[in-house]
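# An overview of the molecular structure
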Amino acid sequence: MAGGRRLLHCLSPACLLLAVTVVVTMPGLAAARTRHYTFNVTMATVTRLCVTKSIPTVNGQFPGPRLVVREGDRLVVNVHNNINNNVTFHWHGVRQLRSAWADGPSYITQCPIRPGQSYTYRFQIVGQRGTLWWHAHFSWLRATLYGPLVILPPAGVPYPFPKPYREVPVMLGEWFNADPEAVIKQALRSGGGPNVSDAYTFNGLPGPTYNCSATDTFKLKVRPGKTYMLRLINAALNDELFFGVGNHTLTVVQADASYVKPFAAATVVISPGQTMDVLLTTSASMPASPAFAMAISPYTNTVGTFDNTTATAVLEYAPQRAASLRGIPTPSLPAYNDTGAVTNFTSKFRSLASAAYPARVPRAVDRSFFFAVGLGTDPCKGRPNGTTCQGPNGTARFAASMNNVSFAMPRTTSLLAAHYQRRYAGVLAANFPATPPRTFNYTGAPPNNTFVSHGTRVVPLRFNASVEVVLQDTSILAAESHPLHLHGYDFFVVGTGFGNYDAGKDPARYNLVDPVQRNTISVPTGGWVAIRFVADNPGAWIMHCHFDVHLSWGLAMAWLVNDGPLPDQKLPPPPSDLPKC
Ligand SMILES: [Cu+2]
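Along each chain, numbering runs from 1 in the same order as the chain's sequence is written. Local features in a predicted model are, by the rule used here, given only for residues with pLDDT of at least 70; side-chain atom pairs are given and counted only at 80 or more, and totals for whole chains, interfaces and linings are based on all residues. Heavy atoms throughout the structure, all of them, feed into the side-chain values; hydrogens and water do not.

### Things to note about the overall build of the chain
A helix here means a DSSP run of H or I that spans at least four residues, while a strand means a run of E at least two residues long, and both kinds are numbered starting from the N terminus. From N to C terminus, the chain includes six helices and 33 strands. For the chain, the C-alpha radius of gyration of 23 Å lies close to 25 Å, the compact-globule estimate for 581 residues. Its C-alpha atoms give the chain principal-axis dimensions of roughly 65 × 65 × 55 Å. Burial classes follow relative accessibility: with a 1.4 Å probe on protein chains only, a residue under 20% of its type's maximum area counts as buried, one over 50% as exposed, and anything between as partly exposed. For the chain, the proportion of its 581 residues judged to be buried stands at 60%. Summarising the internal contacts of the chain: among those between residues at least 6 apart in sequence, 80% fall at separations of at least 24. Values of accessible area rely on a 1.4 Å probe in the Shrake-Rupley scheme; residue burial ignores everything except the protein chains shown. On the chain, roughly 21700 Å² of surface is accessible, and the fraction owed to carbon and sulfur atoms is 54%. Side chains of the chain give 47 positive and 30 negative charges; the mean places of these two sets differ by 5 Å. Radius of gyration here uses only the C-alpha atoms, and the compact-globule reference equals 2.2 Å multiplied by the residue count raised to the power 0.38. Contacts: residue pairs with any heavy atoms within 4.5 Å of one another. Charge convention: Lys and Arg are scored as positive, Asp and Glu as negative, and His as well as the terminal groups of each chain are ignored. Every charge is mapped to an atom, namely NZ of Lys, CZ of Arg, CG of Asp or CD of Glu.

### Concerning the UniProt feature "domain: Plastocyanin-like" (unreviewed entry) in the chain
UniProt positions are given in the numbering used here, feature names are shortened, and annotations may be inferred rather than shown by experiment. Those residues carrying the UniProt feature "domain: Plastocyanin-like" (unreviewed entry) are residues 41-154, 167-318 and 432-563 in this numbering. Helix makes up 0% of residues 41-154 and strand 46%. Its end C-alpha atoms lie 30 Å apart. Secondary structure content for residues 432-563 is 4% helix and 42% strand, and the end C-alpha separation is 20 Å.

### Describing the nonpolar core
As used here, the term nonpolar core means buried Ala, Val, Leu, Ile, Met, Phe, Trp, Tyr and Cys residues forming a set that is joined through side-chain atoms within 4.5 Å. Grouped together as the largest cluster of nonpolar side chains are 146 residues, with contacts concentrated most on Phe89, Phe371, Leu471, Met543 and Trp559. By residue number, the principal contributor to this core is strand E33 (residues 556-561), which donates six residues. Here phenylalanine 371 is in contact with Met402, Asn403, Phe432, Pro433, Ala434, Val469, Val470, Leu471, Gln472, Met543, Met557 and Trp559, once residues within four sequence places are set aside.

### Describing helix H3 (residues 180-190)
Within the span of H3, buried status applies to Pro180, Glu181, Val183, Ile184, Ala187 and Ser190. On its buried face, H3 sits against strand E3 (51-58), strand E22 (396-402) and helix H6 (548-552). In the analysis that follows, any N or O atom pair within 3.5 Å is treated as a polar contact, provided that within protein one partner can donate a hydrogen and the other can accept it, and provided that, for residues neighboring in sequence, both atoms belong to side chains. Measuring from the side-chain oxygen of the N-cap residue of H3 to the backbone nitrogen of glutamate 181 gives 3.0 Å; that N-cap residue is aspartate 179.

### Quick notes on the sheet that holds strand E14 (residues 240-245)
For two strands to count as paired, DSSP must find a minimum of two bridges between them. Strand order across the open sheet formed by five strands is E12-E20-E19-E14-E17, with mixed pairing between neighbours. Since the sheet does not close on itself, it has two edges, and those belong to strand E12 (219-221) and strand E17 (267-270), each with one partner. For this sheet, the mean inter-axis angle between neighbouring strands, taken without regard to orientation, is 20°. Bridge analysis of E12 against strand E20 (residues 311-316) gives three bridges, and the strand direction is parallel. Paired with lysine 221 across the bridge in E20 is glutamate 316. Lines fitted to C-alpha atoms define the axes here, with helix axes fitted over just the stretch in contact, and angles between the N-to-C directions of these axes take values from 0 to 180 degrees. Helix H4 (residues 339-346) contacts E14, E17 and strand E19 (291-299) of the sheet and is inclined by roughly 90° relative to E17.

### Here we look at the state of the cysteines
Counting rule for disulfides: a pair of cysteine sulfur atoms within 2.5 Å. The full count for this structure, using the stated rule, is three disulfides. With its sulfur 2.0 Å from that of its partner, cysteine 111 forms a disulfide with cysteine 581. On the sign convention where negative is left-handed, the bridge of cysteine 111 and cysteine 581, at about -95° about the S-S bond, is left-handed. In this pair, cysteine 111 sits in the loop between strand E6 (89-92) and strand E7 (118-124) while cysteine 581 sits in the segment after E33, placing the two residues 470 residues apart along the sequence. Across a sulfur-sulfur distance of 1.8 Å, cysteine 380 and cysteine 389 are joined as a disulfide pair.

### Looking at the environment of aspartate 198
You can see aspartate 198 is positioned in the loop between H3 and strand E11 (199-202). Here the alpha-carbon distance between aspartate 198 and tyrosine 299, two residues 101 residues apart in the chain, equals 16 Å. Leave out the neighbours within four places in its chain, and aspartate 198 touches Leu49, Trp175, Phe176, Asn177, Ala178, Tyr210 and Asp307. For aspartate 198, the side chain forms a polar contact with the main-chain nitrogen of asparagine 177, separated by 2.7 Å.

### A word on the side chain of arginine 142
Looking at the element boundaries, arginine 142 is found in the loop between strand E8 (130-136) and strand E9 (146-152). Overall, the relative accessible area of 2% leaves arginine 142 in the buried class. Only 3.2 Å separates the side chain of arginine 142 from the backbone oxygen of alanine 235, close enough to count as a polar contact. From its side chain, arginine 142 meets the backbone oxygen of leucine 237 in a polar contact 3.2 Å long. Every residue in contact with arginine 142, bar those within four places of it in the chain, is listed here: Trp133, His135, Ala136, Ala235, Ala236, Leu237, Pro272, His546 and Asp548.

In structure tokens, the structure reads:
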């Protein structure tokens, strides 16, 4: 099924709200609603690029169903796993205040939902509005298990910008002709890089730049003189993306479900995990061209292979004249390695920081961390028979780390269950290093020894601790940007730069007034970024690279945030249907 086509039938949020709302009458809380959804995880047959295959889906849809809620709503999502694979779901960017059991990353907040089993995710949307999304959080299953999570403001509360005529989720994805699970399994077996995707997609559709794909094109029908809000979501597995629309300028108004000071851009850059709401105002009168191309292409500095293709979709003013899309105006996107274009764009983000939407930036810091993030290697020696070493130079295996620790997922329990039961022995060590084990010129010539260590090592945090983390890219095997995603929190991006972070000089240039608030930020290629958050949400929270290949190689760590003294500062007991390992 082409979910992208179906999207066109019900574009307005109100329409979707009608479809799935269950109103719970609560005295004195007329606006509080609980919205129920059922996720039946099933295999479905899908054809793209003339390849027909069976893929994991939610309710047979690809991409998956759109969830539409209002700020303050409670969600209840009943997941039934009917596929022959473990699965979990993550509600990407949702704060999950005191609902860590519903966050979803496998072996972090829950054991996987096994084939034939069910689990109900229950959580509330608090203090967030805009676009988020949901995706599977087990191995690479999110390649096809993903969908939008649209959070409208509370009823009667306007946007801080003129109300758009229409709002349209635009999910940017990555299509593999092969089974993505086979792709990552093969890479982990060989120690080499995984095969790259065959196409990028708009709402699951690759569009006409690929062979055998012209009929699988996402089309957005528009009228002249109207403003459309595109809810952009980068659901790609391993690629940051440029996005643009031919002859149209975009205005960015939200990022990761927080409002930003609006700014104009011809091209946007969006990293895996990130969301961005952009306004597009159509031509005042019917334009000469009946249609315009929307396009996405990768941004990367990898020395490995990557999917260097461009996908297009169509902004269609006049369907009757747009029969042939040949020659329609197309955006000129930057070159794949144009870091200058990326820096120029990302430097424009500022929190709205208004009276209604203040930026509560921590001004003082209780705990400071410096994490070197990047690739590394494991030795070939001692690998079991049948495994090979197709990593760097064919003499090692690819790995990735933070502070030289490659994160090992627990297997017998989740971190959160271990934390809740205070049974840490054999599961985790609360000694994740606050600084790299040895200092080196992080963005200069890499050290001779690039071997990583392995472990399930975490940082415990006291409730309400104010935390700063400087994320420093390394040039080991190649400087490369890493979209770092923190679960359970938004953070403020208070500083960024190229080269090595300088603790003596750089903090003086921090923005503590209106820094952007996000849940995912790309550590710049050969640079650093400083983030701050207040640990006001008890639980076990993974922070990881949102390139699935780097996560598979261990680019992750976790925070254990302890309960506070008050009753509403404690993690509640686990739900009775929490899956067991
Ligand atoms: Cu990464």
